[in-house]
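Geometric and topological summary
Read off the chains here:
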Amino acid sequence: MKGLLLELKKARRTGLPLLLPGLGLLGAAYALLNFLLRREALLALSGDPTDTLLTQLYGMLLVLNLFGIVAAACLSFALEFKGGALRKLYLLPLRPSGPLLCKFLLLAASLFAALLLQALALAGIGLGALPPGSFRTGALVRFALYAYVSALPVLSFMLLTASRYENLWVPLGTGVAGFLSGMALVPYGSPALLLHPFVLMLRPAAALSAQPDGPSAALAAAECLLFLAAGLYLAEKRPCVL
């Protein structure tokens, strides 16, 4: 609890918790503008209107969220490394793994807020613009939760990487490489590629249906816990950064 309160106090000064909700607002505005510009084309597509709305508009929202996660994770530890702040933090009566766990909890909450804002925008579009009775609110809720769970492995992986390297460009380059490789691999749909956390996050946008994939969601939760556990273990056993 002490570590979380300390992290909240630091977060208020850096403004990092507002990064992802800010991108959520930007994504919500993009979704509204995109639908206004493509309204006739989207409504003319065959298939379920709710599936069309979610699958056609979520792709760009996902890219904003992904780069927001990469930037927030990298900056959260880059600020700690500045002036040796993280090493000084180890002198406090706190566990060495505390900063990583607290940052994960705060950024996970920020990501949830971002997706909530985007989901509200999509709900507004669906209820106000789709044919009466065609929008399924339950489908939107399930899809938003699926997208959130699918993004958590990238968050825990990026925090793990950022916590081990003082040079900001190493985790930042890892995030960019992960995005590019994920974009290249996600169309293949091989189950083995789901071990790639970025492929998992991109999977909801690549699907033709808004129906969540249960096995992918379960794998995403497992990968998130695995990367988080690895980061906490390394913080305890090897607190010195590279």
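Residues numbered from 1 in each chain as written. Predicted model: local features only at pLDDT ≥ 70, side-chain atom pairs only at ≥ 80, totals over all residues. Heavy atoms only, no water.

1. Examining the packing of helix H7 (residues 169-185) against helix H8 (residues 197-206)
Packed helices, taken two at a time, are described by the angle between their axes plus the distance between the axes. Where we set the bar: Think of each axis as a best-fit line through the C-alpha atoms, taken over the contacting stretch in the case of a helix, with angles from 0 to 180 degrees between the N-to-C directions. Note on conventions: DSSP H or I runs of at least 4 residues are helices, E runs of at least 2 residues are strands, and numbering of each starts at the N terminus. Geometric relationships in this document are graded by angle, where less than 35 degrees denotes roughly parallel, more than 145 denotes roughly antiparallel, 65 to 115 denotes roughly perpendicular, and other angles denote oblique. When the near helix sits turned anticlockwise from the far one by under a right angle, the crossing is termed left-handed; a clockwise turn instead gives a right-handed crossing. The contact definition used throughout considers only heavy atoms, calling two residues in contact when any of these lie within 4.5 Å.
It is at 8 Å that the axes of H7 and H8 come closest, and there the two elements cross at 55 degrees. As judged from the angle between their axes, H7 and H8 are oblique. Considering the relative orientation of H7 and H8, their crossing is right-handed. Residue-level contacts link Gly175, Gly178, Phe179, Gly182, Met183 and Leu185 of H7 to Phe198, Val199 and Leu202 of H8.

2. What to know about the packing of H8 against helix H9 (residues 214-237)
Let me state the cut-off plainly: Each residue is assigned to one class: nonpolar for Ala, Val, Leu, Ile, Met, Phe, Trp, Tyr, Cys and Pro, charged for Asp, Glu, Lys and Arg, and polar for all the others, Gly among them.
Direction vectors running N to C along H8 and H9 enclose 145 degrees, while the axes themselves pass 11 Å from each other. Of the two elements, H8 crosses H9, and the hand of that crossing is left-handed. Of H9, the residues touching H8 (which contributes Pro197, Leu200 and Arg203) are Ser216, Leu219, Ala220, Glu223 and Phe227. Residues that form the contact of H8 with H9 fall into these classes: 5 nonpolar, 1 polar and 2 charged.

3. Digging into the side chain of threonine 161
Structurally, threonine 161 can be placed in helix H6 (residues 137-164). Excluding residues that lie within four positions of it along the chain, threonine 161 makes contacts with Pro171 and Thr174.

4. A few points about a nonpolar patch on the surface
Inclusion rule: Residues forming no salt bridge and having over 30% relative accessible area are the ones grouped into patches, like charges within 9 Å of each other and nonpolar side chains (Val, Leu, Ile, Met, Phe, Trp, Tyr) within 5 Å. A 1.4 Å probe and the Shrake-Rupley method give the accessible areas. Residues count as covered only by the protein chains that appear here. When a carboxyl oxygen of Asp or Glu lies within 4 Å of a side-chain nitrogen of Lys or Arg, that pair is called a salt bridge. A 1.4 Å probe rolled over the protein chains alone gives each residue an accessible area, and that area as a share of the maximum for its type sets the label: buried under 20%, exposed over 50%, partly exposed in between.
Nonpolar side chains collect at one region of the surface, where Phe112, Leu116, Leu120, Val141 and Leu145 lie side by side and expose about 460 Å² of accessible area between them. Those elements that provide at least two residues to the nonpolar patch are helix H5 (98-129) and H6. Sort the elements by how many residues they give to the nonpolar patch and H5 lands first, with 3 residues. Along the chain, leucine 120 falls in helix H5. Residue class for leucine 120 comes out exposed when judged on its relative accessible area of 54%.

5. What to know about H9
Counted only if it meets this: To estimate how far a helix should reach, multiply one less than its number of residues by 1.5 Å.
The terminal C-alpha atoms of H9, which comprises 24 residues, lie 35 Å apart, in line with the 34 Å expected from a rise of 1.5 Å per residue. Residues Ser216, Ala220, Glu223, Cys224, Phe227, Leu228, Gly231 and Ala235 constitute the buried set of H9. Close packing links the buried residues of H9 with H5, H6 and H8.

6. Topic: the pattern of salt bridges
Side chains that differ in charge, positive against negative, can pair when their charged atoms come close. Summed over all chains, the structure comprises 2 salt bridges. The shortest N-O distance in the salt bridge between aspartate 51 and arginine 136 comes to 3.3 Å. Placement of the pair is aspartate 51 in helix H3 (residues 49-81) and arginine 136 in the loop between H5 and H6, with a sequence separation of 85 residues. The buried category is assigned to aspartate 51, whose relative accessible area is 17%.

7. Details of the confidence of the model for the protein chain
Defined as follows: pLDDT measures how confident the predictor is about each residue, on a scale from 0 to 100.
Looking at the protein chain as a whole, its pLDDT mean stands at 85, while 91% of the residues score no less than 70. Taken element by element, the protein chain is modelled with least confidence in helix H4 (residues 85-89), mean pLDDT 62, and with most confidence in H6, mean pLDDT 93.

8. Some remarks on the nonpolar core
As a rule of thumb, nonpolar side chains are buried together in soluble globular proteins. Note the cut-off: Residue types Ala, Val, Leu, Ile, Met, Phe, Trp, Tyr and Cys, when buried and joined through side-chain atoms within 4.5 Å, form a set referred to as a nonpolar core.
One finds Leu66, Ile69, Leu111, Leu155, Met158 and Leu159 to be the most contacted residues of the largest nonpolar core, which totals 59 residues. Listed by contribution, the elements that provide at least two residues to this core are helix H2 (19-44), H3, H5, H6, H8 and H9. Discounting residues that sit within four places of it in the chain, leucine 159 has contacts with Ala73, Ser76, Phe77, Leu100, Lys103, Phe104 and Leu107.

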